[in-house]
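What follows is each chain in one-letter form.
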Amino acid sequence: MFHPAPAPVPRARVADMAVYVPDGRLTNADLAAMVETSDEWIVQRTGIRERSIAANDQFASDLCLEAVRRLRERVGSLDRVDVVIAATSTADYVFPSLAAQIQFGAGLKHAGAFDVGAACAGFPYAINIASAMVVSGQAREVLVVGGEVMTKALDYTDRSTCILFGDGAGAALVVPANERSYIERSTYGCDGEGGKYLYRTSIRHDIAGHEDDTGLLRQSGSDVYKWAVRRISESILEMLAAANLTASDVDWFVPHSANLRIVEALCTRTGIPRERTLTSIETYGNTSTASIPLALMPALDDGRVKRGDRILMYGFGGGLVHAGTLLRW
Ligand code: UT7
C-alpha cells in the first residue's frame, strides 16, 4: 500500500548504494579445466580474470537481501520506501517476483514491489523508473536492487558464454533530490529485432528458427559485440547532445561491464577517457544488472567519486535493450 499522497518533487537522486558478491570464486584456470579455453584467451578477449559464483543454495534473493542489509546500515532506515524495484534475469521464481521476496525479507511492510525485465540494462532502467515515481509523487522513496545468479543459467559446455558471467547484487535508494545531487536525464532504447542474438527460452522453446528447452543463456557473441559498440556509443553521444553536454562534462562513466574490449571501444568512440571509466568485469565477470553498482561502489568508498560529480551509467543487453542515467552524485 502506498503512503498517503507524497508530494511531487522537482527531481530525484540516488542517496546511496551497497553491493554484495558471494564468496565463491571461479577463476580462468578453473574454467580451463572444464572447457577448451585458456587464461590468456579469456583475459585478451574479455578482460576477465575471475568471477564471483553463488553457492548451490544461494539464489538472487539471498544476494539482494544482503546488499539491502548493507544499504540499510549506510542510510540508517528504509522506513520511507514505498516501492521495491528489482532488476534481474535470474530471479528465484517467475513469480513471486524477486522484488516481492526482497520486500518480505527486508520487512518493508508498506512497500509495493515489482521486477524489471531488461536483462543487463536493468539497473539504469530501474533507477530511471524509480526517479519518475519519486518525482511524480507516487512514492516517497524507492529501493532499487539489481541482482543475479547468472552462473546458474549458463551452459558449462559452451566456452563462448560460460567464461563471461558472474554473480552479484547492488542496491540503491532513490529519494527526493537536493541542490547538489540529482538525476538529470534518463534514456531508454530497444532494438527488438536483435533479440535472437541473446536469449533464454521459457514457456516458448523456439526462437528465430532455433529450438531450445534448456532455459540456459544463449548468445551470438560477435553479433552482440558489434551491436553494443556501434549502437551504444551512438546512443551515449545522442544522450549527451540532448543534454547539451560533451564527453568532457562526464566525471565518471559507468557502462555495463560486459567485456573490457567493449568498454574500451565505447570510450574511444565517445571520447570519454578510460581513466574516468569504472568497471567491475576484471574481478567479477559480467554480472548483468549488478555490474554497474559493483563498478561504482569501490570509487564511492575510496572517495574518488565525490558528491556533485557527474556520473553517466549506461546499460545494454538482451532484448536487445539499453538505457542510460545521467546524474549528479
Ligand atoms: O552482457 C550482455 C551483453 N553481452 C555482451 O556484451 C557479450 C558480447 N560479446 C563478447 O563479449 C565476445 O563476442 C565474446 C567474448 C563472447 C567472444 O569473443 P570474440 O572475440 O567475439 O570471439 P568470437 O566469438 O568471434 O570467436 C573467435 C574464436 C572462435 O574460434 P574460430 O571459429 O575462430 O576457430 C571461437 O570458437 O574464439 C573461439 N572461442 C574461444 N576460444 C577459447 C570462443 N570462446 C572461446 C574461449 N576460449 N572461451
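Side note on the packing of aromatic side chains
By convention here, two paired aromatic rings are described through the distance between centres and the angle between planes.
Phase 1 of the analysis: In this structure the tally under the stated criterion is one aromatic pair.
Phase 2 of the analysis: Sitting above the plane of the F59 ring, K152 keeps its charged end 5.2 Å from the centroid.
Phase 3 of the analysis: Of note, R276 hangs over the ring of W252, and the distance from its end group to the ring centre comes to 4.8 Å.

Side note on the nonpolar core
Phase 1 of the analysis: One finds V14, M17, V142, V305 and I311 to be the most contacted residues of the largest nonpolar core, which totals 42 residues.
Phase 2 of the analysis: In terms of domain composition, this core takes at least three residues from each of domain 1 (12–176) and domain 2 (182–328).
Phase 3 of the analysis: Within the second largest apolar cluster, 39 residues are counted, among which are C162, F253, C267 and I272.

Description of the side chain of R310
Phase 1 of the analysis: Relative to the helices and strands, R310 resides in strand β14 (residues 310–317).
Phase 2 of the analysis: Not counting the four nearest positions on each side in its chain, R310 is found in contact with E184, L245, D249, V250, D251, W252, L326, L327 and R328.

Some thoughts on the sheet that holds strand β1 (residues 12–20)
Phase 1 of the analysis: An order of β1-β7-β6-β4-β5 is seen for the five strands of this open sheet, with the pairing classed as mixed. The two strands at the open ends of the sheet, each matched to only one other strand, are β1 and β5 (112–116). Each adjacent strand pair in this sheet contributes to an overall mean axis angle of 20 degrees, direction not counted.
Phase 2 of the analysis: The sheet contact formed by β1 and strand β7 (residues 167–176) spans eight bridges and is antiparallel.

Description of the domain arrangement of the protein chain
The parts lose accessible area when they come together, and the size of an interface is often stated as this lost area.
Phase 1 of the analysis: Assigned domains of the protein chain: these are domain 1 (12–176) and domain 2 (182–328).
Phase 2 of the analysis: Here the C-alpha centroids of domain 1 and domain 2 sit 15 Å apart.
Phase 3 of the analysis: Between domain 1 and domain 2, the contact holds 52 residues from the first and 46 residues from the second.
Phase 4 of the analysis: A buried area of about 3,800 Å², summed over both sides, lies between domain 1 and domain 2, and 61% of it is on carbon and sulfur atoms.
Phase 5 of the analysis: Together, C120, Y125 and N128 form the three largest contributors to the area buried by domain 1 at its contact with domain 2, with a combined 16%.
Phase 6 of the analysis: Our count for the domain 1 to domain 2 interface comes out at two salt bridges.
Phase 7 of the analysis: D301 serves as the salt-bridge partner of R74, at 3.0 Å between the closest nitrogen and oxygen.
Phase 8 of the analysis: Applying the counting criterion to the domain 1 and domain 2 interface returns 23 residue pairs in polar contact (both at pLDDT 80 or more).
Phase 9 of the analysis: Elements represented by at least two residues in the side of domain 1 that touches domain 2 include exactly β1, α2 (39–46), β3 (50–53), α5 (122–136), β6 (141–149) and β7.
Phase 10 of the analysis: A per-class count over the side of domain 1 that touches domain 2 returns 24 nonpolar, 16 polar and 12 charged.

Topic: the side chain of Q101
Phase 1 of the analysis: Mapping Q101 onto the fold places it in helix α4 (residues 98–105).
Phase 2 of the analysis: Residues within four places of Q101 in sequence aside, it is in contact with S61, L65, D92, Y93 and P96.

So, the packing of helix α3 (residues 60–75) against α4
Phase 1 of the analysis: Contact geometry for α3 and α4: axes closest at 10 Å, N-to-C directions at 50 degrees. Comparing the axis directions of α3 and α4 gives the class oblique. Every pair of crossing elements has a handedness; the one defined by α3 and α4 is right-handed. Where α3 approaches α4, its residues A60, S61, C64, L65 and V68 are matched on the opposing element by L98, Q101, I102 and G105.
Phase 2 of the analysis: In terms of residue class, the contact of α3 with α4 is built from six nonpolar, three polar and no charged.

A short note on the site of the ligand
Phase 1 of the analysis: Near the ligand there are 22 residues, and of these T37, R45, H256, N259 and N286 occur at the shortest range.
Phase 2 of the analysis: Side-chain polar atom of R45 to an oxygen atom of the ligand: 2.8 Å apart, as the coordinates give it.
Phase 3 of the analysis: Coverage of the ligand by the protein chains reaches 74% of its 960 Å² of free accessible surface.
Phase 4 of the analysis: Listed by contribution, the elements that provide at least two residues to the shell around the ligand are α2, α6 (159–162), α7 (221–242) and α8 (260–270).
Phase 5 of the analysis: Counting residues per element, the shell around the ligand draws most heavily on α7, at four residues.
Phase 6 of the analysis: When we break the shell around the ligand down by domain, the ones giving at least three residues each are domain 1 (12–176) and domain 2 (182–328).

What to know about the pairing of β5
Phase 1 of the analysis: Pairing geometry for strand β4 (residues 81–87) and β5, over five bridges, is parallel. Paired with V83 across the two strands is G112, which belongs to β5.
Phase 2 of the analysis: Taking the sense of rotation as the criterion, the β-α-β connection linking β4, α4 and β5 turns out right-handed.

Calculation rules
- Residues numbered from 1 in each chain as written.
- Predicted model: local features only at pLDDT ≥ 70, side-chain atom pairs only at ≥ 80, totals over all residues.
- Heavy atoms only, no water.
- Phe/Tyr/Trp six-rings, centres within 6.5 Å; stacked < 30°, edge-to-face > 60°.
- Lys NZ or Arg CZ within 6 Å of the ring centre and 35° of its normal.
- Core = buried A, V, L, I, M, F, W, Y, C linked by side-chain atoms within 4.5 Å.
- Buried < 20%, exposed > 50% of the residue type's maximum accessible area, 1.4 Å probe, protein only.
- Domains from an automatic or database assignment.
- Helix = DSSP H or I, 4+ residues; strand = E, 2+ residues; numbered from the N terminus.
- Contact = heavy atoms within 4.5 Å.
- Pairing = 2+ DSSP bridges.
- Axes fitted to C-alpha atoms, helices over the stretch in contact; angles between N-to-C directions.
- Buried area = accessible area lost by both parts, 1.4 Å probe.
- Salt bridge = Lys/Arg side-chain N within 4 Å of Asp/Glu carboxyl O.
- Polar contact = N/O pair within 3.5 Å; in protein donor to acceptor, adjacent residues only side chain to side chain.
- Nonpolar A, V, L, I, M, F, W, Y, C, P; charged D, E, K, R; others polar.
- Parallel < 35°, antiparallel > 145°, perpendicular 65-115°, else oblique.
- Left-handed = near helix turned anticlockwise from the far one by under 90°.
- Near = heavy atom within 4 Å.
- Areas by Shrake-Rupley, 256 points an atom, 1.4 Å probe, with all protein chains shown as cover.
- Right-handed = clockwise from strand over helix to strand, strands pointing away.

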